[in-house]
Amino acid sequence: MFESMRKFKSYLEDIHHHFPSLNIFSIQKTGEGDNSLAFLINDKYIFRFPKRADVKYQLKKEINVLPKIRRHISLAIPEFRFISPTLSFAAHSKISGIPMSFKDYYSLENKYQVSIQRSLRNFLTQLHGISLSEVQNCGLEIMDLKKEYSTNFFNAKKSIYPNISKAK
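Residues numbered from 1 in each chain as written. Predicted model: local features only at pLDDT ≥ 70, side-chain atom pairs only at ≥ 80, totals over all residues. Heavy atoms only, no water.

This part is about the sheet that holds strand E5 (residues 90-93). For sheets, the rule is that strands pair by backbone hydrogen bonds, running either parallel or antiparallel. Pairing within the open sheet is antiparallel, and its five strands lie in the order E1-E2-E3-E5-E4. A strand with exactly one partner marks an edge of an open sheet, and here the two such strands are strand E1 (27-32) and strand E4 (80-83). Sheet twist, expressed as the mean angle between neighbouring strand axes with direction ignored, is 25 degrees. Of the strand pairs in this sheet, E4 and E5 are connected by three bridges, and their pairing is antiparallel. Its bridge partner being in E5, Phe 82 is matched across the sheet by Ala 91. (Pairing = 2+ DSSP bridges. Helix = DSSP H or I, 4+ residues; strand = E, 2+ residues; numbered from the N terminus. Axes fitted to C-alpha atoms, helices over the stretch in contact; angles between N-to-C directions.)

Evaluated as defined, the whole model comprises 10 aromatic pairs. Relative to Phe 39, the ring of Tyr 11 lies with its centre 5.6 Å away and its plane at 55 degrees, an arrangement referred to as tilted. In this pair, Tyr 11 is assigned in helix H1 (residues 2-18) and Phe 39 in strand E2 (residues 36-41), connecting sequence segments 28 residues apart. Residue class for Tyr 11 comes out buried when judged on its relative accessible area of 16%. Between the aromatic rings of Phe 49 and Phe 89, the centroid separation amounts to 5.4 Å while the plane-to-plane angle is 40 degrees, which identifies the pairing as tilted. With a gap of 40 residues between them, Phe 49 in strand E3 (residues 45-50) and Phe 89 in the loop between E4 and E5 connect regions that are remote in the sequence. The same class applies to Phe 49 as to Phe 89, namely buried. An aromatic cluster of three or more residues is present, and its members are Tyr 11, Phe 19, Phe 39, Tyr 45, Phe 47, Phe 49, Phe 82 and Phe 89. (Phe/Tyr/Trp six-rings, centres within 6.5 Å; stacked < 30°, edge-to-face > 60°. Buried < 20%, exposed > 50% of the residue type's maximum accessible area, 1.4 Å probe, protein only.)

Read these as geometric descriptors, not functional statements.
Okay, structure coming up:
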């Protein structure tokens, strides 16, 4: 417990060091995963603290690409407001809403499920409509999905299919 409080205090000190004009009047831990720790500050900003150097690199790509895709997407896209020079943390404006679990989704009436499906379809259509040239300088890797999946399919056919018994 003491160690976590000391670590928590170091996050606050880091924020204050880089952004002394930000008055923090509330803070709440919103999540922690393998890659980052996140806090909601002043009920307005999500501060994310990467746990490793490779996660900092991913965060940098996110910081670079989101402004470029924002103008093409009708849904709210995080807008970074605070970025430490060393990428020890970055913060974006909180996007209103609540998480939806599978249980929540399947408890909805069909018409609401269809509405959510349409929203996802529209988002993916907008996202896939963005020209790669617009995001080429953001550090993103371009994948050949056909090659990626055909290799996976070939490997599955070779190693899994022979071990599956045929229905009788």
